[in-house]
Amino acid sequence: YAKQRGKNRVERYQQRYDELLRRRGTLEAELRHAIDREQLRLVFQPVVALPSMRPVGAEALLRWTHPTLGAVRPDEFIPVAEESGLINRIGSWVLEQATIQLAEWLSRGHDVWVSVNLSPKELHAADYAGQVADVLERHGVPPQRLVLEVTEHAVATDMEELISRLAELRATGVRIALDDFGAGYSSLGQLRTLPVDILKIDHALVAEPESRTGMAAPLVDVVVRMGHRLGLEVLAEGIGTPAQRAAVEEAGCRLGQGSLFGWGVPAEHLEAQLRTLRQGGSRPVPAPRSAP
Ligand code: C2E
Ligand code: MG
Ligand code: MG
Ligand code: MG
């Protein structure tokens, strides 16, 4: 019986594995045409200043809606794009679309920046910095209005190479954000040597304060202080509740993002949403805080 059970388990495992492979193959084949078939689009999630909640920027997030597969999450298709080499073409498309949108907002007088997520493979492509400079120039966007987000995962690779790529990018005038900080890959020591401008605290750390209303959670507190000491701007991701916002503010964090302020929405919706946030976010003006 034990032998039979073991055999069944192996078969089930094999079946599951075959399914995953098939799904991956389908995604890769379909992703190949996603741009041409206009299945990709960007949504924009607001970034707000804290504690005022004044919107200051937006993160461009990629969405893929397939006619039969439906909405496929970026956490599923980005890795497929990375492994298959499609990420470079997709990333170029994202950069271009985000820059076009940014140019439009700037031309209408909105004082915002836009951030774009970058895969390590794009970062290491030949003359990526040149491509970024070219896109910005073609659309007449001042480089400091664009933020490129590099995930902590990139940090796990060759540090020297990473530092020189980031330095090249920064030389074009764009700002660099280290995404998902605290999710478990990069160390505090590495942070000191990386040429970045903004530290994005991962939502897992931000979720921690939930039980301690109005008190800075120890980890968020330490990361915010350290980021500021290193001269970085610090942004807390995934703020979903007023208690989390309070805790993050208490830690001295001055930038926030998360469902409390709004999920990613189509560009045309963002302006209206930002106006609502400005007017509807009626909290009393807090007493000025002394510098940390
Ligand atoms: P990320 O860059 O860390 O983006 C933040 C993710 O957290 C987004 O998921 C966003 O919708 C979600 N989020 C925002 N606020 C909240 C909140 O309050 N609570 C919770 N639980 N989640 C929140 P999304 O859009 O599914 O993106 C997932 C990841 O996919 C991104 O993580 C990013 O690493 C990657 N990604 C998305 N767009 C692109 C892209 O254009 N290029 C590349 N290379 N990667 C992308
Ligand atoms: Mg990001
Ligand atoms: Mg993140
Ligand atoms: Mg992430």
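Residues numbered from 1 in each chain as written. Chains lettered and ligands numbered in written order. Predicted model: local features only at pLDDT ≥ 70, side-chain atom pairs only at ≥ 80, totals over all residues. Heavy atoms only, no water.

**Observations concerning the overall build of the chain**
How we decide: We count a stretch as a helix when DSSP gives it H or I for four or more residues in a row; a strand needs E for two or more, and each element gets its number in order from the N terminus. Only protein chains enter the area calculation, which uses a 1.4 Å probe; residues under 20% of their type maximum are buried, those over 50% are exposed, and those in between are partly exposed. For this analysis, residues touch if any pair of their heavy atoms sits within 4.5 Å. Where accessible areas are quoted, they stem from the Shrake-Rupley method and a 1.4 Å probe; at the residue level, only the protein chains shown are allowed to cover.
When you go through the chain residue by residue, the secondary structure sums to twelve helices and nine strands. Across the 292 residues that make up the chain, the buried fraction comes to 44%. Of the contacts made within the chain by residues no fewer than 6 positions apart, 68% connect residues no fewer than 24 positions apart. Here the chain displays about 15100 Å² of accessible surface, and carbon together with sulfur accounts for 53% of that area.

**Quick look at the coordination of the magnesium ion (ligand 2)**
The test is simple: Any N, O or S atom lying within 2.8 Å of the metal counts as a donor, and for Na, K and Ca the limit rises to 3.2 Å; water is left out, so some sites can look incomplete.
Distances from the magnesium ion (ligand 2) to its protein donors, Glu59 (OE), Asn117 (OD1), Glu149 (OE) and Asp179 (OD), fall within 2.0 to 2.2 Å. The sequence pattern describing where the donors of the magnesium ion (ligand 2) fall on their chain is E-x57-N-x31-E-x29-D. Distance-wise, the magnesium ion (ligand 3) is placed 4.0 Å from the magnesium ion (ligand 2), both being coordinated by Asp179. Of the two residues, Glu59 is situated in strand β2 (residues 55-66) and Glu149 in strand β5 (residues 146-151); the sequence distance between them amounts to 90 residues.

**Let's talk about a nonpolar patch on the surface**
For clarity, the cut-off: Two distance rules govern patches: like charges are joined within 9 Å, and nonpolar side chains (Val, Leu, Ile, Met, Phe, Trp, Tyr) within 5 Å, applied only to residues with over 30% relative accessible area and no salt bridge. Each reported salt bridge corresponds to a side-chain nitrogen of Lys or Arg within 4 Å of a carboxyl oxygen of Asp or Glu.
Judged by side-chain polarity, Tyr13, Tyr17 and Leu21 come together as a nonpolar surface patch covering roughly 360 Å² of accessible area. Counting through the fold element by element, Tyr17 comes out in helix α1 (residues 2-31).

**Some points on the packing of α1 against helix α2 (residues 74-84)**
Rules: Angles shown run from 0 to 180 degrees and are taken between the N-to-C directions of axes, each axis being a line fitted to C-alpha atoms and, for helices, limited to the stretch in contact. Here is the rule for angles: anything less than 35 degrees is roughly parallel, anything more than 145 is roughly antiparallel, 65 through 115 is roughly perpendicular, and the remaining ranges are oblique.
Two numbers describe how α1 lies on α2: the axes approach to 10 Å, and their chain directions differ by 75°. As the angle between them shows, α1 and α2 are arranged roughly perpendicular. On the side of α1, the interface is formed by Arg23, Arg24, Leu27, Glu28 and Leu31, while α2 contributes Glu76, Phe77, Val80, Ala81, Glu83 and Ser84.

**With respect to the UniProt feature "coiled-coil region" (unreviewed entry) in the chain**
Short version of the rule: UniProt positions are given in the numbering used here, feature names are shortened, and annotations may be inferred rather than shown by experiment.
Under the UniProt annotation, "coiled-coil region" (unreviewed entry) lies at residues 3-37. Each end of residues 3-37 is marked by a C-alpha atom, and these two atoms are 50 Å apart; helix forms 83% of the span and strand 0%.

**Focus: α2**
This is how it is decided: Within this analysis, the arc is defined by the directions that extend from the helix axis to the C-beta atoms.
Listed in full, the buried residues belonging to α2 are Phe77, Val80 and Ala81. Down the axis of α2, the buried side of the element spans an arc of 100°, and every buried residue falls inside it. Those residues of α2 that are exposed and aimed more than 90 degrees away from the buried face are Asp75 and Glu83. Where the residues of α2 are buried, they touch α1, β2, β3 (70-72) and α3 (87-107).

**Regarding the side chain of Glu59**
Put simply, the rule reads: Residues adjacent in sequence count toward polar contacts only when both atoms are side-chain atoms; beyond that, a polar contact is any pair of N or O atoms within 3.5 Å, and within protein one must be able to donate a hydrogen and the other to accept it.
Of the residues examined, Glu59 reaches a relative accessible area of 3% and is grouped as buried. A polar side-chain atom of Glu59 sits 2.8 Å from a polar atom in the side chain of Asn117. Within the local environment of Glu59, its side chain forms a polar contact with the side chain of Lys200, the two groups lying 2.9 Å apart.

**Considerations on the pairing of strand β6 (residues 175-181)**
Spelled out, the test is: Strands were regarded as paired on the criterion that DSSP finds at least two bridges between them.
Most of β6 sits out of view: six of its seven residues are buried. In this sheet, β6 lies alongside β5 in parallel orientation, the contact comprising five bridges. Across the sheet, Thr151 pairs through a bridge with Asp179, a residue of β6. Here β6 pairs with strand β7 (residues 198-201) via three bridges, running parallel. Across the sheet, residue Phe181 finds its bridge partner in β7, namely Ile201.

**Focus on the packing of α3 against helix α5 (residues 128-138)**
Each pair of packed helices gets described by two things: the angle between the helix axes and the distance between those axes. For clarity, the cut-off: Here a crossing is taken to be left-handed if its near helix is turned anticlockwise relative to the far helix by less than a right angle, and right-handed if that turn runs clockwise. Ten residues, namely Ala, Val, Leu, Ile, Met, Phe, Trp, Tyr, Cys and Pro, are considered nonpolar, four, namely Asp, Glu, Lys and Arg, are considered charged, and the remaining ones, Gly among them, are considered polar.
Running from N to C, α3 and α5 point in directions that differ by 30°, and their axes come no closer than 10 Å. Of the possible angle classes, the one that applies to α3 and α5 is roughly parallel. Both α3 and α5 take part in a crossing whose hand is right-handed. Here α3 contributes Ser92, Leu95, Glu96 and Thr99 to the contact with α5, which in turn contributes Tyr128, Gln131, Val132, Val135, Leu136 and Arg138. In terms of residue class, the contact of α3 with α5 is built from five nonpolar, three polar and two charged.

**Here we look at the site of ligand 1**
The following threshold applies: Think of it this way: one heavy atom of a residue within 4 Å of a molecule or strand is enough to make that residue near it.
Taken together, 21 residues lie near ligand 1, and Gln45, Arg63, Asn117, Asp179 and Ser259 sit nearest. At 3.1 Å from an oxygen atom of ligand 1 is found a side-chain nitrogen or oxygen belonging to Arg73. Contact distances for ligand 1 include 3.3 Å between an oxygen atom and a side-chain N or O atom of Glu237. The fraction of the free accessible surface of ligand 1 (810 Å²) that becomes covered by protein chains is 82%. Of all the secondary structure elements, the ones that give two or more residues to the shell around ligand 1 are β2, α2 and β6. The leading source of residues in the shell around ligand 1 is β2, at four residues. Taken together, the residues of the shell around ligand 1 sort by class into seven nonpolar, six polar and eight charged.

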